[in-house]
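Architecture at a glance
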Amino acid sequence: MKTRYWDKAAECLRRRELEELQLERLRAVVRRVERHVPFYQRKLEAIGLRPEKIKSLQDVRHLPFTTNADLREAYPAGLLAVPLRKTLRLHTSSGTTGKPKAIFFSRRDLHHSADLIARCLVATGATEDDILQNMMTYGLFTGALVMHYGAEKIGCLVIPAGPGNSEKQLLLMQDFRSTMFHTTPSYALYFADFLEKKGIDPRRHLALRRGYIGAEPYTEQTRRKIEQAFGIEVYNSYGLSEMNGPGVAFECAARHGMHLWEDHFLMEIIDPATGEPVPDGQPGELVLTTLCREAMPLLRYRTRDITALIPEPCPCGRTHRRIQRITGRADDMLIVRGVNIYPQQIESVLMGLPELGRNYLIVLEGLDEMTVKVELSAAAFDGRVERLAELQQLVAERLRTELLTRPRVELCAPGSLPVSEGKAKRVLDKRTL
Amino acid sequence: MHTIKLLAVLEENKQGQLARLTRCLAGAKVNIRWITIATLDKVGVVKILVDRLEPALEALRREGFTVSTLEVLAVEVPDQPGALHAVTDALAREGINLENASGFVTQPRKRAVLLFETHKLSEAQRVLQKQGLRLFTQAEVLAI
């Protein structure tokens, strides 16, 4: 199949030229924040850094980090680099604790965010003939709207279905022959179950070809489960509201790592504990600097997302380097009996066992006791309680190998664990420490 | 094959679950002839001998229960000292393990039934028949 591009000149720009462009844009953004954003003025002044000191891309390391807390403190409009009347849209990021983070878009920012989505969708093979059922939450969350405008840009028919209401989702999918959907991994799994219960075989009854899955980290095994359940290709999408939302990094047809659009974002991968860069290919926290953002430029934003760089060039010809799927959040890391554990490690073990269902819950209680509750797959039940005991042992053993600590495992009946239709809550921390 | 088919239902080990199950079977006009429950932490497996297997399966699936069927053996044991030993001894000599066995007397001082699961279904059948022990068919066990 011939590789298609939305903006070939930008997507296949030679590395040297791309890096020159990055440096030029980095210097411009430092000059702009120094002039227009008091927050950054103070930060730069405190370390005595003048924009002229940025002579190479490596010099980005001299710049101060911007954190989650900085954004909350700057709420509502403390990080604006343009007058408020120049902004066109406001998004906030899911503030699970305390104040949310407010993100403003100028006209140019909206244009750019849609353009990056267009690159992403075309890279997966989408065309104007496709029909996208957008099952993300419309509203303050960037997930749905940013994707919406990008898909319109390439000429897709976009169905703004929003999340949940599975009956209606199915109706839309059947009546309008949606060829693609955009949702979270947990809703995709939930919806697959729903279709199965309804006796709908997506391969025969629906027209789906691709799924864009993002907003929550998920594993390769989950991708395969979703692909098999719907008979589609699933593409991993990475983004965060602080960086426009979806479209920061996206998989191409090779579906091996996500191209991060380096002409718009300067990436670093650092050790979250020390702030120092990690060697290429090693896991660390992704740090992003916006290179083109007008309304709200951010320097070295600590995403808290753990990933690793894939330094090798991609066969698709795009020169923008790839990152691996997110393997955890620096914030989600659990410390159980002194061991660092990412919930995604647990998920990848569970999803690797076909006898298990798709729903699980990690419960922490008492003095550091971890219990992993997981539903059995209905098809794997053969009536023998011994089989259940063996399976429980096997799961515990696999988890011990992965986590280096042995959790309690509880098999649960299919459908007995709580299901969420939005972002899944997989960890219940009731520890009394 | 002289085997007995049981209904096996996976349930959450919590209040009201069994009532949900029996209500469903009653609604489907299915008669329960024998029942046993094995639990493992938060789940239980309810094994039931019913008079009408297919309607029971259908009714339970429709209600969203996780169900399966299980093949077991039912051997006739005279209701007298040493009779059960003859059965277990014959099986032990052939290295056949019994799993989840349970017994009940059908005619006091005359006859009892031992119901059991085993990995080696056909081997166990052969051994018991060689010993001259009688295995029940599904129809026979339901007629007791």
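For the structure itself, look to the data block above.
Residues numbered from 1 in each chain as written. Chains lettered and ligands numbered in written order. Predicted model: local features only at pLDDT ≥ 70, side-chain atom pairs only at ≥ 80, totals over all residues. Heavy atoms only, no water.

**Details of helix α10 (residues 220–230) of chain A**
- For α10(A), the set of buried residues is A:T222, A:R223, A:K225, A:I226, A:E227 and A:F230.
- Looking at the residues trailing α10(A), positive phi occurs at A:G231, about 70 degrees. (Buried < 20%, exposed > 50% of the residue type's maximum accessible area, 1.4 Å probe, protein only. Helix = DSSP H or I, 4+ residues; strand = E, 2+ residues; numbered from the N terminus.)

**Some details on the interface of chain B and chain A**
- At the interface, 21 residues of chain B touch 18 residues of chain A.
- With both chains or domains summed, chain B and chain A bury close to 1,500 Å², and 62% of this area falls on carbon and sulfur atoms.
- Considering only the side of chain B, the residues that lose the most area to chain A are B:L10, B:L40 and B:T66, jointly responsible for 31% of the buried surface there.
- At the surface where chain B touches chain A, the tally comes to two salt bridges.
- For the salt bridge of A:E410 with B:K42, the shortest nitrogen-to-oxygen distance reads 3.5 Å. (Contact = heavy atoms within 4.5 Å. Buried area = accessible area lost by both parts, 1.4 Å probe. Salt bridge = Lys/Arg side-chain N within 4 Å of Asp/Glu carboxyl O.)

**Here we look at the sheet that holds strand β4 (residues 157–159) of chain A**
Residues and elements named next belong to chain A.
- Pairing in this open sheet of nine strands is mixed, and the strands run β4-β3-β5-β6-β7-β8-β9-β14-β13 from one edge to the other. The open sheet has two edge strands, β4 and β13 (309–310), and neither has a second partner.
- Pairing geometry for strand β6 (residues 210–213) and strand β7 (residues 233–240), over four bridges, is parallel. What sits directly across from G211, in β7, is V234.
- Docked against the sheet, helix α5 (residues 107–123) engages β6 and β8 (245–251), running at close to 30 degrees with respect to β8.
- With respect to the sheet, α10 is in contact with β5 (180–183), β6, β7 and β8, its orientation differing from that of β7 by roughly 135 degrees. (Pairing = 2+ DSSP bridges. Axes fitted to C-alpha atoms, helices over the stretch in contact; angles between N-to-C directions.)

**A look at helix α3 (residues 38–46) of chain A**
All names here are of chain A.
- Buried within α3 we find F39, Y40 and L44. Axial view of α3: buried residues confined to an arc of 120 degrees, hence all on one face. In α3, the exposed residues that point more than 90 degrees away from the buried face are R42, E45 and A46.
- Lining the buried residues of α3 we find α2 (15–36) and α4 (68–74).
- Immediately beyond the C-terminal end of α3, within one or two residues, lies G48, with a positive phi of roughly 65 degrees. (Arc of directions from axis to C-beta.)

**Concerning the environment of A:L240**
Residues and elements named next belong to chain A.
- Relative to the assigned elements, L240 resides in strand β7.
- In this structure L240 comes out as buried when scored by relative accessible area, which is 10%.
- Residues L240 and G143, 97 residues apart in the sequence, show an inter-C-alpha distance of 8.4 Å.

**Considerations on the sheet that holds strand β20 (residues 408–412) of chain A**
Residues and elements named next belong to chain A.
- Reading across from one edge, β20-β19-β18-β21 is the order of the four strands in this open sheet, with mixed pairing throughout. The strands lining the two open edges of the sheet, one partner per strand, are β20 and β21 (427–431). Taking each pair of neighbouring strands and ignoring which way they run, the sheet shows an average axis angle of 20 degrees.
- In terms of strand pairing, strand β18 (residues 356–366) meets strand β19 (residues 369–376) through seven bridges, oriented antiparallel. Opposite L356, over in β19, you have L376 as the bridge partner.
- Across the face of the sheet, helix α11 (residues 343–351) comes into contact with β18, β19 and β21 while running at roughly 140 degrees to β18.

**Side note on the packing of aromatic side chains**
- Here the structure, examined in full by the defined rule, presents eight aromatic pairs over all chains.
- Centroid distance A:F191 to A:F230: 6.2 Å. Interplanar angle 15 degrees. Geometry classified as stacked. Note that A:F191 is positioned in helix α8 (residues 185–198) and A:F230 in helix α10, a separation of 39 residues in sequence. As far as burial versus exposure is concerned, A:F191 and A:F230 are alike and both buried.
- Each residue in the set A:F181, A:Y187, A:Y190, A:F191, A:F194 and A:F230 is aromatic and connected to the rest through ring pairs, giving one cluster.
- Here the guanidinium or amino end of A:R325 rests over the ring plane of A:Y218, the centre of that ring lying 4.8 Å away.
- For the cation-ring pair, B:R20 lies above B:F65, with the distance from its terminal atom to the ring centre recorded as 4.2 Å. (Phe/Tyr/Trp six-rings, centres within 6.5 Å; stacked < 30°, edge-to-face > 60°. Lys NZ or Arg CZ within 6 Å of the ring centre and 35° of its normal.)

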